[in-house]
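This is what each chain is made of:
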Amino acid sequence: MAAPVAIHLEFGGGAELLFNGVKEHHVTLPSQSEPWDVKQLLVWIQRNLLKERPELFVQGDSVRPGILVLINDADWELMGELDYRLQDQDNIVFISTLHGG
Amino acid sequence: RYLSLLAGFPMCQVDEDYHDELERAGAPSVSKQCVKCKEATAAVVIRVGDTFCRGCFKEYFIHKFRAMLGKNRIIFPGEKVLLAVSGGPSSCSMLSQVQEGLSQNAHKKLRFSPGIVFIDEGGAVGQSAEERRRTAAELEAVFKATGFPFHIVPLEKVLDLPSKVLMAAPSPSEQPAGAYKTAVGHFLQSSSSSSSCVTQQEEKESSLPDVQESSTPLLQRLMASVETLTAREDLLSTLRQHLLVHTARSEGYSKLMLGDSCTRLAVKLLSSISLGRGAQLAQDTGFSDSRFGDVTLVRPMRDYSAKEIAFYNRLFSVPSVSIPSLDTKAPEKASIQRLTESFVIKLQADFPSTVSTIYRSVPNLPELNRTFYNPRPCCSVCAYTSFNGVFWVRTCDEQAAVRYRAPETADVRTLLCYSCQLTIKDMVSQSPCTAAGSALLFPKSTQEEKRKHVLVQVCCPLFRELVEK
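Residues numbered from 1 in each chain as written. Chains lettered and ligands numbered in written order. Predicted model: local features only at pLDDT ≥ 70, side-chain atom pairs only at ≥ 80, totals over all residues. Heavy atoms only, no water.

An unreviewed UniProt entry annotates chain B as Cytoplasmic tRNA 2-thiolation protein 2 of Mola mola. Annotation of chain B in UniProt includes, under Function (unreviewed entry), the sentence "Plays a central role in 2-thiolation of mcm(5)S(2)U at tRNA wobble positions of tRNA(Lys), tRNA(Glu) and tRNA(Gln). May act by forming a heterodimer with CTU1/ATPBD3 that ligates sulfur from thiocarboxylated URM1 onto the uridine of tRNAs at wobble position." (UniProt positions renumbered as here; feature names shortened; annotations may be inferred.)

As recorded by an unreviewed UniProt entry, chain A carries the name Ubiquitin-related modifier 1 and is attributed to Mola mola.

A.B. asks: Which residues make up the overall build of chain B, and what values go with them?
C.D. replies: Tallying secondary structure elements over chain B gives 19 helices and nine strands in all. Per-residue burial for chain B yields a buried fraction of 50% across its 469 residues. When contacts within chain B are restricted to residue pairs at least 6 apart in sequence, long-range pairs at least 24 apart make up 73% of them. (Helix = DSSP H or I, 4+ residues; strand = E, 2+ residues; numbered from the N terminus. Buried < 20%, exposed > 50% of the residue type's maximum accessible area, 1.4 Å probe, protein only. Contact = heavy atoms within 4.5 Å.)

A.B. asks: Give a description of the sheet that holds strand β7 (residues 91-96) of chain A that names residues and reports values.
C.D. replies: Strand order in the open sheet formed by five strands is β2-β1-β7-β5-β6 (chain A), with mixed pairing between adjacent strands. At either margin of the open sheet sits one strand with a lone partner, and together these are β2 (24-29) and β6 (74-75) of chain A. In the sheet, strand β1 (residues 5-12) of chain A pairs with β2(A) via six bridges, with the strands oriented antiparallel. Within β2(A), the position partnered with V5(A) by the bridge is L29(A). Those strands touched by helix α12 (residues 306-315) of chain B are β1, β5 (67-71), β6 and β7 of chain A, and its axis lies near 40 degrees from that of β5(A). (Pairing = 2+ DSSP bridges. Axes fitted to C-alpha atoms, helices over the stretch in contact; angles between N-to-C directions.)

A.B. asks: An account of the pattern of salt bridges is needed here, citing residue identities and associated values.
C.D. replies: Residue and element names in this part refer to chain B. Tallying each qualifying case throughout the model produces 23 salt bridges over all chains. Ionic pairing is found between D327 and R338, a salt bridge with its closest N-O pair at 3.8 Å. Of this pair, D327 sits in the loop between α12 and α13 (336-350) while R338 sits in helix α13, placing them 11 residues apart in sequence. For D327, a relative accessible area of 2% corresponds to the buried category. Via salt bridges that share partners, R264, D327, R338 and E341 belong to a single interconnected network. (Salt bridge = Lys/Arg side-chain N within 4 Å of Asp/Glu carboxyl O.)

A.B. asks: Account for the nonpolar core, with residues named and values stated.
C.D. replies: Residue and element names in this part refer to chain B. Membership of the largest hydrophobic core comes to 50 residues, with the highest contact counts inside it found for F57, F143 and M257. When residues of this core are assigned to their parent elements, the largest contribution, eight residues, is made by helix α3 (residues 54-72). Setting aside its immediate chain neighbours within four residues, M257 contacts L69, I75, V81, L82, L83, A84, M94, V98, F112, V298 and P300. (Core = buried A, V, L, I, M, F, W, Y, C linked by side-chain atoms within 4.5 Å.)

A.B. asks: Tell me what's going on with the state of the cysteines, and back it up with residues and numbers.
C.D. replies: Residues and elements named next belong to chain B. The full count for this structure, using the stated rule, is zero disulfides over all chains. Considering cysteine sulfurs only, C53 is the nearest to C56, which forms no disulfide, with 3.6 Å between them. On the accessibility criterion, C56 (10% relative accessible area) is buried. (Disulfide = S-S within 2.5 Å.)

A.B. asks: Explain the packing of helix α4 (residues 89-103) of chain B against α12(B) residue by residue, including any values.
C.D. replies: All names here are of chain B. With their axes 10 Å apart at the nearest point, α4 and α12 run at an angle of 60 degrees to one another. Classified by the angle between their axes, α4 and α12 sit oblique to one another. The handedness of the crossing between α4 and α12 comes out as left-handed. Of α12, the residues touching α4 (which contributes P89, S90, S93, S96 and Q97) are I309, Y312 and N313. Across the contact of α4 with α12, the residue classes break down as three nonpolar, five polar and no charged. (Parallel < 35°, antiparallel > 145°, perpendicular 65-115°, else oblique. Left-handed = near helix turned anticlockwise from the far one by under 90°. Nonpolar A, V, L, I, M, F, W, Y, C, P; charged D, E, K, R; others polar.)

A.B. asks: Now, about the interface of chain A and chain B: what can you tell me, with residues and values included?
C.D. replies: Counting residues at the interface gives 28 residues for chain A, matched by 28 residues for chain B. Summed over both partners, the interface of chain A with chain B buries about 2,400 Å², with 57% contributed by carbon and sulfur atoms. Considering only the surface of chain A that becomes buried against chain B, D75(A), L78(A) and H99(A) emerge as the three largest contributors, covering 27% of it. On the surface where chain A and chain B come into contact, there are five salt bridges. A salt bridge links R314(B) to E10(A); the nearest nitrogen and oxygen atoms lie 2.8 Å apart. The interface formed by chain A and chain B holds 12 residue pairs in polar contact (both at pLDDT 80 or more) in total. Elements that contribute at least two residues to the side of chain A that touches chain B include exactly β5, β6 and β7 of chain A. Residue contributions to the side of chain A that touches chain B peak at three residues, all from β7(A). Across the side of chain A that touches chain B, the residue classes tally to 12 nonpolar, eight polar and eight charged. (Buried area = accessible area lost by both parts, 1.4 Å probe. Polar contact = N/O pair within 3.5 Å; in protein donor to acceptor, adjacent residues only side chain to side chain.)

A.B. asks: Can you tell me about the side chain of S96(A), naming the residues and giving the values?
C.D. replies: Within the secondary structure, S96(A) is located in strand β7. Polar side-chain contacts of S96(A) include one of 3.2 Å to the backbone nitrogen of L98(A).

A.B. asks: How would you summarise the pairing of β1(A) if you had to cite specific residues and measurements?
C.D. replies: As a general feature of sheets, a regular strand has side chains that alternate between the two faces. Residues and elements named next belong to chain A. Burial within β1 is extensive, with seven of its eight residues counted as buried. As paired strands, β1 and β7 are joined by five bridges and run parallel to one another. Within β7, the residue paired with L9 across the bridge is I92.

A.B. asks: Summarise the environment of G147(B); cite the residues concerned and give the values.
C.D. replies: Relative to the helices and strands, G147(B) is located in the loop between α6 (129-146) and β5 (150-154). C-alpha of G147(B) to C-alpha of S91(B): the two residues are 56 residues apart in sequence and 17 Å apart in space.

A.B. asks: Provide a residue-level description of unusual backbone geometry, including the pertinent values.
C.D. replies: Positive phi, normally seen in glycine, also occurs at Q89(A), with a value near 70 degrees. One can find Q89(A) in the loop between β6 and β7. Even without being glycine, K329(B) reaches a positive phi, approximately 60 degrees. Positionally, K329(B) belongs in the loop between α12 and α13. Using a relative accessible area of 25% as the deciding quantity, one classes K329(B) as partly exposed.

A.B. asks: Provide a residue-level description of the packing of aromatic side chains, including the pertinent values.
C.D. replies: Scanning the entire structure with this criterion turns up 13 aromatic pairs over all chains. When the centroid spacing of 3.9 Å and the interplanar angle of 20 degrees are considered together, the rings of F11(A) and F19(A) count as stacked. Put simply, the rings of F52(B), F57(B), Y60(B), F61(B), Y304(B), Y312(B) and F316(B) pair up and form one aromatic cluster. Across from the ring centre of Y253(B), 4.6 Å away, lies the NZ or CZ of K80(B), which sits over that ring. (Phe/Tyr/Trp six-rings, centres within 6.5 Å; stacked < 30°, edge-to-face > 60°. Lys NZ or Arg CZ within 6 Å of the ring centre and 35° of its normal.)

Dropping the structure here:
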């Protein structure tokens, strides 16, 4: 049983528009049997934070191409992408590079 | 012409080469060290296998901007350069690079004198007056911090432009080959003799002037008269370009810097082909575009991918303001531009060389021969210069225009290039939806009158002189 994880989420480049225009979110992920990874985080965001048009944010079980993910200010490609295990106090940033956000 | 483009396109060779690469990418052995300094922990993956640390990434990014300007030698020392800043990440990054370049010491310093222009498109994309004021104020704060002179211009202004905007003013005679060196020499002499720096800013600012009450509905009506999002985006970008060129010209700037990234340009290139602007590709996506004569458009950000820019802005806190545009939250298939973007970006996700392949084909596109026709025929809306007489000739030269005066019955559309014809056609097409709309807007008028109304009153005052005569 993993303990709850408190993380800081940030949306930018227009992605925040899908979250009622709110850029920063401090959230606590509830404890669950397996440790939290980014893949599960995306599902959680979709269920709990995303306000509209999920297809503009996620695609399959990853983010939509064109949306960048930074984990603690580093490219998520360096951190194992979807498999990265979230640590307490991690900072996850989503930046849309698509036209019009 | 586009065969070369297609041949280089990854889709065509999907089977063998890329399969391997994909699998390798799937089992990443991504090094966590910077490939440049080989010491610090990497923060950014620029291309497959190229991992940079924060410091090296900054150096690389800054060097690239200066190299781009240095290599092309198109901006002369002391020249007035207008930076078109939309508030988006790419143009704001460009602004910060110019700032960075001007703050350098000694020989590396950029030597032109910049100004900023922001076109407030709120009226066209349906922002309320309150929202527009807020975004303008946000940007004003960013601009003030740079210390450069800036101009905030509402898009409504485009409706009052004189018809001359599109007439390419004669460019200050062809520059001989050694002109750049001579200019640098002169500049160095004059700046050493007088201590006053050219980049010294005059305290000149123009905040958002009050938009004329009547012009916002007029602009909205214009945008609403266009049926499809594709044509609407095309129209908006044309109007924006007119106003940018006009502002540059009336404020005495001879270069206009646009912040198109290479991702953006790759999308633009493919969507332009689909929109029927194939012949103008070289001008629309190249490093410089001199179709307006005395004002040259320059795209110094065309070597950066959208990813690099987003990372730089994030890591080095470059401020940008996100403003909703026409296609914000639009579904993938809402317009040709939107669809092309999602096609390119999706392909890029699996085949990381997509964008660079598309974008590298630009230099292979033929630039039209400027001396071939004199006077040159040019499209009355986008100023695209035809070189094979695809559309009816209208001369840019005032004197010759008298000779070639369009017959009174001439269809205005004959003065437009193929793509602008499509846009205008869409504007006056009679679908049930627009029929209802236009009946409201123009009661009791015939189709012909409606068309004239749109073209004359609303679309382009540029047409006014033509149709009235």
